[in-house]
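Geometric and topological summary
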Amino acid sequence: MGAAPFPAPRNATGPSVVLALAAVYLVWGSTYLAIRFALEGGYPPLLMAGVRFLAAGGVFYAFLRLRGVPAPTRAQWRDLGVMGLLLLGLGNGMVCIAQQTVSSGLAAVAVASAPLWIALFASLRGERPMRLELFGLGIGFVGVLWLNAGSSLTGSPQGMLALLVAPLAWAWGSVWSRGRALPTPFMAAAGQMLCGGVLMLVAGLVFGERITAMPTPKASAALAYLAVFGSIIGFTAYAWLLQNVRTTLAGSYAYVNPVIAVLLGTWLAAERFSGHDIGAMVVILGGVVVITLGKALRARARAPAAAAAAGETQP
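Each residue is numbered by its place in its chain's sequence as written, counting from 1. For this predicted model, a pLDDT threshold of at least 70 governs which residues receive local features, and a threshold of 80 or more governs which side-chain atom pairs are given and counted, while totals over whole chains, interfaces and linings are taken from all residues. To obtain the side-chain values, all non-hydrogen atoms of the structure were used and water was disregarded.

**Quick word on the pattern of salt bridges**
In the sections that follow, a salt bridge refers to a side-chain nitrogen of Lys or Arg positioned within 4 Å of a carboxyl oxygen of Asp or Glu. As enumerated under the stated definition, the model contains three salt bridges in all. In this structure, Arg36 and Glu40 form a salt bridge, with 2.7 Å as the shortest nitrogen-oxygen distance. Taken as a pair, Arg36 and Glu40 lie in helix α1 (residues 15-40) at a separation of four residues, close to a single helical turn. For Glu271, the salt bridge identified is with Arg36, shortest N-O distance 2.7 Å. On the criterion of sequence distance, the pair formed by Glu271 in the loop between α11 (253-268) and α12 (275-312) and Arg36 in helix α1 is long-range, its members being 235 residues apart. Runs of E in the DSSP output that reach at least two residues are strands. Runs of H or I that reach at least four are helices, and both are numbered from the N terminus.

See below:
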């Protein structure tokens, strides 16, 4: 979620890695369907997302402070506020708005394009991509164009626009956060959730969202699931993976979550997808896989030079 750099991976293996990956794959993949259930049961999109992240961030923040983790500084809160706006307010908030008219599976497919935009924004900021990464970008953007030109998204202009903004905002927030003096990763996540939650609650009220009737028990259960599992447990598992396995393995959720979301939407919500939708998903995920491989090869190529430079600095 754009947090500060993690310690070097310890290459953990065994059941712990499997459980953490399963949590990230299944929990984050299922949040799209949970958002749909919460919306259908009476929660407006921005108020629902605001309550989710404010509750999760508040609990997480209190837990970390009780454990002795330092609170963010004023400058760090400023940066966390920007990240909360981009990653959660626009990133997740636009997904919630889109899912009023777009299926959960299709929303997940559109969000899967975020790594493509991250790679593009990183290159614009001076990170020169490898040829393989450029090839992956080309593949992925063909899939994005395909998805937005003839799929069921065309029947929902509002949903299509929201699902264009969401991955763009998430990607820019992720790239913008690099090099910022942020607090520890878990505290950064809690701070982002608090800031994003407040911003979405305020935006929801400003735009006239109101809860006019008691939401259904199913909707409230979905909201609780999003706060506890999606925001706290899912992120904790992801942060642990970043500290213990290769970054490429931890980031594999980007092309597993959409598949999980489509399968769950089909199974539990009777969502239907055209061949056009599935074809675009395959192309987008193919581009993400190629970019991920390119990043892995670039990191492997840099490793010997970094090790040699470290050796030269030893006394």
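Here the narrative resumes.
**Side note on the packing of aromatic side chains**
The criterion for an aromatic pair is that two Phe, Tyr or Trp rings (for Trp, the six-membered ring) have centres within 6.5 Å, with stacked assigned to planes under 30 degrees apart, edge-to-face to planes over 60 apart and tilted to the rest. The full count for this structure, using the stated rule, is seven aromatic pairs. An aromatic cluster is built from Phe60, Phe186 and Phe235, whose rings are joined through pairwise contacts. Sitting over the face of the ring of Trp176, Arg180 holds its NZ or CZ atom 3.8 Å from the ring centroid. The criterion for a charge sitting over a ring is simple: Lys NZ or Arg CZ within 6 Å of the ring centre, and within 35 degrees of the ring normal. When the ring centre of Phe37 is taken as origin, the NZ or CZ atom of Lys218, which lies over that ring, is 4.0 Å away.

**Re the environment of Met160**
Looking at the element boundaries, Met160 is found in helix α7 (residues 157-176). Note on Met160: relative accessible area 22%, which makes it partly exposed. A sequence separation of 13 residues divides Met160 from Leu147, and the C-alpha atoms of the two residues are 9.6 Å apart. Each residue is placed in one exposure class: buried if its accessible area under a 1.4 Å probe, protein chains only, is under 20% of its type's maximum, exposed if it is over 50%, and partly exposed if it falls in between.

**A look at the nonpolar core**
Here, nonpolar core refers to any group of buried Ala, Val, Leu, Ile, Met, Phe, Trp, Tyr and Cys residues whose side-chain atoms link them within 4.5 Å. The biggest cluster of nonpolar side chains holds 81 residues, and the ones touching the most others in it are Met48 and Leu241. Counting residues per element, this core draws most heavily on α1, at 15 residues. Contact criterion: two residues are considered in contact whenever any of their non-hydrogen atoms come within 4.5 Å of each other. In this view, Met48 contacts Ile35, Ala38, Leu39, Tyr43, Cys96, Leu223 and Leu226; residues no more than four positions away in its chain are not counted. With seven residues, the next largest nonpolar core counts Leu80, Trp176, Ala188 and Cys195 among its residues.

**Some remarks on the environment of Leu161**
Checked against the element boundaries, Leu161 lands in helix α7. Each C-alpha atom of the pair Leu161 and Ala98 lies 8.1 Å from the other, and the pair is 63 residues apart in sequence.

**A short note on unusual backbone geometry**
Phi angles above zero are rare outside glycine, and Ala270 is one such case at about 55 degrees. Turning to its location among the elements, Ala270 is positioned in the loop between α11 and α12.

**Examining a nonpolar patch on the surface**
The patches described consist of residues with a relative accessible area above 30% and no salt bridge, like charges being joined within 9 Å and nonpolar side chains (Val, Leu, Ile, Met, Phe, Trp, Tyr) within 5 Å. A 1.4 Å probe and the Shrake-Rupley method give the accessible areas. Residues count as covered only by the protein chains that appear here. There is a patch of nonpolar side chains on the surface, built from Leu54, Val198, Val202, Val206 and Phe207 and spanning about 490 Å² of accessible area. Top element by residues in the nonpolar patch is helix α8 (residues 185-206). It accounts for three residues. Looking at the secondary structure, you find Val198 in helix α8. On the basis of relative accessible area, Val198 is assigned to the partly exposed category, the value being 41%.

**Brief notes about the side chain of Thr31**
Along the polypeptide, Thr31 turns up in helix α1. When residues no more than four places from it in sequence are discounted, the contact partners of Thr31 are Arg52, Leu226 and Gly230.

**Concerning α11**
If you check α11, its first and last C-alpha atoms are 21 Å apart, about what 16 residues at 1.5 Å a residue would give, namely 22 Å. Taken residue by residue, α11 has Tyr253, Ala254, Val256, Asn257, Pro258, Ile260, Ala261, Val262, Leu264 and Gly265 as its buried positions. Following α11 by one or two positions, Ala270 has its phi on the positive side, about 55 degrees. Expected helix span is computed as 1.5 Å times (number of residues minus one).

**Considering the confidence of the model for the chain**
Known as pLDDT, the predictor's per-residue confidence is scaled from 0 to 100. Of the residues in the chain, 89% have a pLDDT of 70 or more, and the chain-wide mean is 84. For the chain, per-element mean pLDDT is lowest for helix α10 (residues 247-250), which scores 67, and highest for helix α2 (residues 45-66), which scores 96. A low-confidence stretch, residues 308-315 stays under pLDDT 50, and its non-local contacts, those more than four residues away or across chains, total zero contacts.

**Considerations on α8**
Taking 1.5 Å of rise per residue, 22 residues should cover 32 Å, and α8 covers 31 Å from first to last C-alpha, within 8% of that figure. Backbone geometry just after α8 places Gly208 at a positive phi near 90 degrees.

**Observations concerning the side chain of Ser103**
Take Ser103: it is sitting in the loop between α3 (74-98) and α4 (104-111). Identification of polar contacts relies on pairs of N or O atoms within 3.5 Å, with a donor-acceptor requirement for protein atoms, meaning one able to donate a hydrogen and the other able to accept it, and with residues adjacent in sequence counted only if both atoms are side-chain atoms. Of note is the side chain of Ser103, whose polar atom sits 3.2 Å from the backbone nitrogen of Leu106. Every residue in contact with Ser103, bar those within four places of it in the chain, is listed here: Glu271 and Phe273.

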